[in-house]
Amino acid sequence: MNINAQGLPALIILNEQRESHSIFYEDVCNDEDAVWQPVLWKQYCISRHTKLPSFAMNGISEPTSTDNNNTTSKIGGVLSNHAAEEAGLNAKTGGDIEPDTDTQLSATTSGTLKMESSDITKGKEGSETAPKKTLINGKSKRLPFTRMLSAKTLQELMQDDQFLLRLFACFTPFEKCVLAQVCHRWKDLLYQPKYWQLVTPIIHKRDLYDETEDTHKSFTSLASFEQRGFESVCLVSVSDLDICEFIDHCPKTKKTLKAVSLKRSTVTDAGLEVMLEQLGSVESLELSGCNDFTEAGLWSSLQPRIVSLSISDCISVADESVAAVAQRLPNLRELNLQAYHVTDSLLAYFPARPNSSMAVLRLKSCWELTNHAVVNIVQCLPQLSVLSLSGCSKITDEAVELIAENMSQLKSLDLSWCPKITDSALEYVACDLPKLEELVLDRCVRITDTGIGFLSTMNCMRALYLRWCCHVQDFGLQHLYNMKSLAILSVAGCPLLTAAGLSGLAQLKNLEELELTNCPGSSPELLQYFTLNLSKCTIVH
């Protein structure tokens, strides 16, 4: 197979001549290792997603757009804004919109699924489906890919379900929505639930209704929503009635939905109770900007099956609300709470149980919490693995000392926006939290080079965030040079760091992400230096 200057198969640069299809197919299928290169196949499909050959249409439907000149294709499957707009998708926000609705999709996965070339021949030895092997020079060799499928041409290959199912796994949810518009055959394959398990559709109230000619509103069809079997959904600006209509028109969600998020909605106590009763499989609940439910609603609606609860910007939430959570949810594993009116007593409602399931506690911008709240945390929830006190501005070094001495299982600690934290707190962390893998110190303005020196002894640390720590200098940064376990580091907004100090970070060969946003020491020359010496690292600047 010919190789071009970029080291990619020459035929990845496809022209618009129809005869190139058969050439492409024959060359690729004779090179077994090239068959399942996601980049190669994604490049082929995406470069033609607005003008696919007639064989792909199978006489069923025509593609959405035929303007191939306005579509640009890039390695890795990035779609042009024009192509996304043609498909009715929101490319800027990264959301996907169903062709027949305005439903926005938010992918929860960060990357594209990858498939190894060896996967195509996995099968039980001796079974009828296992690939046969031949011996060449004493070594076993799989038969050519063309012998594994019934397809003999590229036209037939693009209609082979076995091949398409593996091919579609190489694409992101955003790209799957585009490919689903090629024909009904592709749509049926792409709408299988296994492709959408990690995707959360975002549905606004305006998307739930269609206006008829007589200005009346009718509930829109959500057949494709049900077909894809989403396990989570985010409803925005909905009321009790909207939620009931959604459940009535999507009866399958009663068994498939495991996570529900309500944002900026006018849901009341009654609506919350009905929703959780009807959606019997929901285990994760998020309420954000919902101001019409009360503490009584939480007492009456929360179900013991819920294991994850997030509440933010809900003005009715206070200590009694947390009491309802602690008493009604014995199996709770994760609690995320942003509330401005809770006090130190809120955590006293959680009974100190030796076998408590709670592992994650995030308290954000709980301004009234003091060190006494931390006393309750270490007494009732010493088994936590993730703890966030971000924005709890009254927390001091003494509270961090309590955490370090009593919560040895912590793997992640967030102390961002805690202005009273000093270097002494970091000494407690370094000495008593050997398993800590992530530490967030954003806007801890009293941290200096001395505190960074304490952290340099932590061998398990993988992620360290020092955004806007305005007293950290090059000398403190030098302590990090030997932290070989570091994979993520942020020094964004640190004004005293220079290019000389930052350049030493090139010694961290395992670094995967380095954030230098608003860092005066970052220069084009430094970025070029990192490109050469940290080739596997993503530089955010």
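Keep in mind the model is a prediction, meaning the values are calculated, not measured.

> Lay out the packing of helix H16 (residues 371–380) against helix H17 (residues 397–406) with the relevant residues and their values.
For any two helices packed against each other, one specifies the crossing angle of their axes together with the interaxial distance. Running from N to C, H16 and H17 point in directions that differ by 5°, and their axes come no closer than 9 Å. The orientation of H16 relative to H17 falls into the category roughly parallel. Contacts from Asn371, Val374, Val375 and Val378 of H16 reach H17 at Glu398, Ala399, Leu402, Ile403 and Asn406. Across the contact of H16 with H17, the residue classes tally to six nonpolar, two polar and one charged.

> Explain helix H18 (residues 423–432) to me, and be specific about the residues and the numbers.
All of the buried residues along H18 are Asp423, Ala425, Leu426, Val429 and Ala430. Projected onto a plane normal to the axis of H18, the buried residues spread over an arc of 150° and lie on a single side. Contacts from the buried residues of H18 go to H17, strand S15 (412–414), strand S16 (438–440) and helix H19 (449–455).

> Let's hear about unusual backbone geometry: which residues, and what values?
Although it is not a glycine, tryptophan 417 sits at a positive phi angle of roughly 60°. The backbone phi angle of asparagine 518 is positive, close to 55°, even though this residue is not glycine. With respect to the helices and strands, asparagine 518 occurs in the loop between strand S19 (513–515) and helix H22 (524–533). According to the relative accessible area criterion, asparagine 518 is exposed, its value standing at 54%.

> Before we move on, could you go through the pattern of salt bridges and cite the residues and values that matter?
Taken as a whole and judged by the stated rule, the model has seven salt bridges. The partner of aspartate 242 in a salt bridge is lysine 205, and the shortest N-O contact between them spans 3.4 Å. Taken as a pair, aspartate 242 in helix H11 (residues 240–249) and lysine 205 in the loop between strand S5 (199–204) and strand S6 (209–211) lie far apart in primary sequence, 37 residues in all. Each member of the salt-bridge network shares a partner with another, and the members are Asp442, Arg467 and Glu515.

Thresholds applied
- Residues numbered from 1 in each chain as written.
- Predicted model: local features only at pLDDT ≥ 70, side-chain atom pairs only at ≥ 80, totals over all residues.
- Heavy atoms only, no water.
- Axes fitted to C-alpha atoms, helices over the stretch in contact; angles between N-to-C directions.
- Helix = DSSP H or I, 4+ residues; strand = E, 2+ residues; numbered from the N terminus.
- Parallel < 35°, antiparallel > 145°, perpendicular 65-115°, else oblique.
- Contact = heavy atoms within 4.5 Å.
- Nonpolar A, V, L, I, M, F, W, Y, C, P; charged D, E, K, R; others polar.
- Buried < 20%, exposed > 50% of the residue type's maximum accessible area, 1.4 Å probe, protein only.
- Arc of directions from axis to C-beta.
- Salt bridge = Lys/Arg side-chain N within 4 Å of Asp/Glu carboxyl O.

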